[in-house]
Amino acid sequence: KGQKRETQEEGVLERLNAGEVVIGDGGFVFALEKRGYVKAGPWTPEVTVTHPEAVRQLHREFLRAGANVMQAYTFYASDDKLENRSQTLKITVTQINEAACDLAKQVAGEGDALAAAGVCQTPSYLSCKSETDVKAVFKRQLDVFVKKNVDFLIAEYFEHVEEAVWAVEVLKTSGKPVAASMCIGPEGDLHGVPAGECAVRLVKAGAQIVGVNCHFDPMTCVKAVKLMKEGVEKSGLKAHYMVQPLAYHVPDSTYLGYTELPEFPFALEPRIVTRWDVHKYTREAYKAGIRFIGGCCGFEPYHIRAVAEELAAERGIMPAGSEKHGMWGAGLEMHTKPWVRAR
């Protein structure tokens, strides 16, 4: 089924219900840290206000690479996180989230893309604050997302399903589609709740799309989503599935993922996956029935282009960025050195 369309009238659920593949974008946190706009440690996104042109350009690069989702850079943009990490600029969380939504919507409008905005785990939960307190943090963020009328919402990067469920319950009040993505591997959440059970709880809370992001390498994340899918199907429920992994090989990590590695976060480069690794990951995800396929930390535009190129036949379209990339290294035919041409 070809996916080329002239308008953006179809939302994320309409696309997924039609059997289409929705390609996510890559890792804004790491990409902007490497470019000098985000500080490692706090990882807070005040760059949406201080240097909006940097965020806009990264959105455009992912759009050119084939992404169908421009995810507003709202990661860790909650009041408690900014206060907890001593963000001293006179910028409010509302300003950051409003700017992020504006940038995502602007670039989404430049192509065949949807604008999404999300919430993630909070210091309030880890500090054992009440459900009411944690939900109030999510609600303040949601108010901005509703005001800016993004296309759908994502609860992502949750290590504990309890908090993820609270996030989904808040986001559902908007009436917009909700995706829920946990940063867990096949072993389940940090309280020991199995991956399949996590997915069931999220679907029951109202998430229409469930899956995982971050913390683990591509194939490990696909394995975790397979377990989620099994759990949901065994429970007689229905959902769509998403996966947005790291662009790093981390076979030596435990259930805590890459944050426990001594190289995290400043020396991970030797572990970066190649575009060919991404082709294999994309095919594995597609075969598993996952139809929202993207990337998280470490994923650059060329990785997302590899996702789009791997599924070009199924989707009936190639990304604009492929005009500068011959499939399977075809561009090497024009190389000066004969031994490179021979490849």
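In the nomenclature of an unreviewed UniProt entry, the protein chain corresponds to Betaine-homocysteine methyltransferase from the organism Amphiprion percula. Its UniProt record, at the heading Subunit (unreviewed entry), says of the protein chain: "Homotetramer."

Undergrad: Honestly, the overall build of the protein chain in this entry has me stumped. Any pointers?
TA: Secondary structure summary: the protein chain contains 15 helices and eight strands in total. The C-alpha atoms of the protein chain give a radius of gyration of 19 Å, which matches the 20 Å a tight globule of 343 residues would have. C-alpha atoms of the protein chain, sized along the principal axes, occupy 65 × 50 × 45 Å. The buried share of the protein chain, reckoned over its 343 residues, is 57%. Considering only contacts in the protein chain between residues 6 or more positions apart, those separated by 24 or more positions represent 76%. Here the protein chain displays about 14300 Å² of accessible surface, and carbon together with sulfur accounts for 51% of that area. Averaging the positions of the 41 positive and the 44 negative side-chain charges in the protein chain gives two centres separated by 4 Å.

Undergrad: Sorry, what's going on with the pattern of salt bridges here?
TA: For side chains of opposite charge, pairing can occur when their charged atoms come near one another. Within the structure shown, the criterion is met by 18 salt bridges. Among the salt bridges present, the one from D112 reaches R15, with a minimum N-O distance of 3.1 Å. Here the residue D112 occupies a position in the loop between α6 (93–108) and β3 (114–119), and R15 occupies one in helix α1 (residues 12–17), the gap between them amounting to 97 residues. On the basis of relative accessible area, D112 is assigned to the partly exposed category, the value being 22%. In this structure, E310 and R283 form a salt bridge, with 2.8 Å as the shortest nitrogen-oxygen distance. Residue E310 is found in helix α13 (residues 301–310), and its partner R283 is found in helix α12 (residues 275–287); the two are separated by 27 residues along the sequence. Connected through shared salt-bridge partners, R35, E61 and E300 make up one network.

Undergrad: Looking at this structure, how should I read the nonpolar core?
TA: A general tendency of soluble globular proteins is for nonpolar side chains to be buried together. L202, V243 and Y258 are the most contacted members of the largest nonpolar core, which has 101 residues in total. With eight residues, helix α9 (residues 161–172) is the single largest residue contributor to this core. Aside from chain neighbours lying at most four places away, what touches L202 is V161, A164, V165, V168, A180, M182, A207 and V210.

Undergrad: What exactly am I supposed to notice about unusual backbone geometry here?
TA: Note: most residues except glycine have negative phi, and most peptide bonds are trans. Omega for the bond connecting F264 with P265 falls within 30 degrees of zero, at -5°, which places this linkage in the cis form. Within the secondary structure, P265 is located in the loop between β7 (240–244) and α12. In the Ramachandran plot, C128 falls in the positive-phi region, its phi being about 65° despite a non-glycine side chain. Locating C128 in the fold gives a position in the loop between α7 (123–126) and α8 (131–147). Phi is positive for C214, which is not a glycine, with a value near 65°. As for its position among the elements, C214 is in the loop between β6 (209–213) and α11 (218–234).

Undergrad: I would appreciate a short explanation of the UniProt feature "binding site: Zn(2+)" (unreviewed entry) in the protein chain in the present structure.
TA: The feature "binding site: Zn(2+)" (unreviewed entry), as given by UniProt, occupies C214, C296 and C297 in the numbering adopted here. Across 84 residues in sequence, these annotated residues keep their C-alpha atoms within 6.3 Å of one another, forming a single compact spot. Overall, C214 belongs to the buried group, its relative accessible area being 2%. Note that C297 resides in the loop between β8 (292–293) and α13. Looking at C297, the relative accessible area reads 7%, which means it is buried. Leave out the neighbours within four places in its chain, and C297 touches G27, F30, C214, P245, L246, A247, Y248 and Y258.

Undergrad: I tried to follow the sheet that holds β8 on my own but got confused; where do I start?
TA: By definition, the strands of a sheet pair up through backbone hydrogen bonds, in either a parallel or an antiparallel sense. Spatially, β1-β8-β7-β6-β5-β4-β3-β2 is the arrangement adopted by the eight strands of the open sheet, whose pairing is parallel. Either end of the sheet is taken by a strand with one partner, and the two such strands are β1 (22–23) and β2 (69–71). Strand contacts of α11: β6 and β7, with the helix running at about 165° to β7, the strand carrying the most contacts.

Undergrad: How should I be thinking about helix α4 (residues 52–65) in this particular structure?
TA: Residues lying three or four places apart along an α-helix face the same way, a consequence of the helix completing one turn every 3.6 residues. Across its 14 residues, α4 extends 20 Å between first and last C-alpha, which sits within 8% of the 20 Å expected from 1.5 Å per residue. Restricting attention to buried positions, one finds in α4 the residues A54, V55, L58, H59, F62, L63 and A65. Those residues of α4 that are buried are in contact with α2 (28–34), α3 (47–50), β2, α6 and α13. G66 occupies a position one or two residues after α4 and carries a positive phi of about 115°.

Undergrad: For this particular structure, what's the right way to read the side chain of H59?
TA: Residue placement: H59 occurs in helix α4. For H59, a relative accessible area of 0% corresponds to the buried category. Other than its neighbours up to four places away in sequence, H59 contacts F28, M70, Q71, L103, A104 and V107.

What counts as what
Residues numbered from 1 in each chain as written. Predicted model: local features only at pLDDT ≥ 70, side-chain atom pairs only at ≥ 80, totals over all residues. Heavy atoms only, no water. UniProt positions renumbered as here; feature names shortened; annotations may be inferred. Helix = DSSP H or I, 4+ residues; strand = E, 2+ residues; numbered from the N terminus. Rg over C-alpha atoms; globule rule 2.2 N^0.38 Å. Buried < 20%, exposed > 50% of the residue type's maximum accessible area, 1.4 Å probe, protein only. Contact = heavy atoms within 4.5 Å. Areas by Shrake-Rupley, 256 points an atom, 1.4 Å probe, with all protein chains shown as cover. Lys, Arg positive; Asp, Glu negative; His and termini not counted. Charge placed at Lys NZ, Arg CZ, Asp CG, Glu CD. Salt bridge = Lys/Arg side-chain N within 4 Å of Asp/Glu carboxyl O. Core = buried A, V, L, I, M, F, W, Y, C linked by side-chain atoms within 4.5 Å. Pairing = 2+ DSSP bridges. Axes fitted to C-alpha atoms, helices over the stretch in contact; angles between N-to-C directions. Expected span 1.5 Å × (residues − 1).

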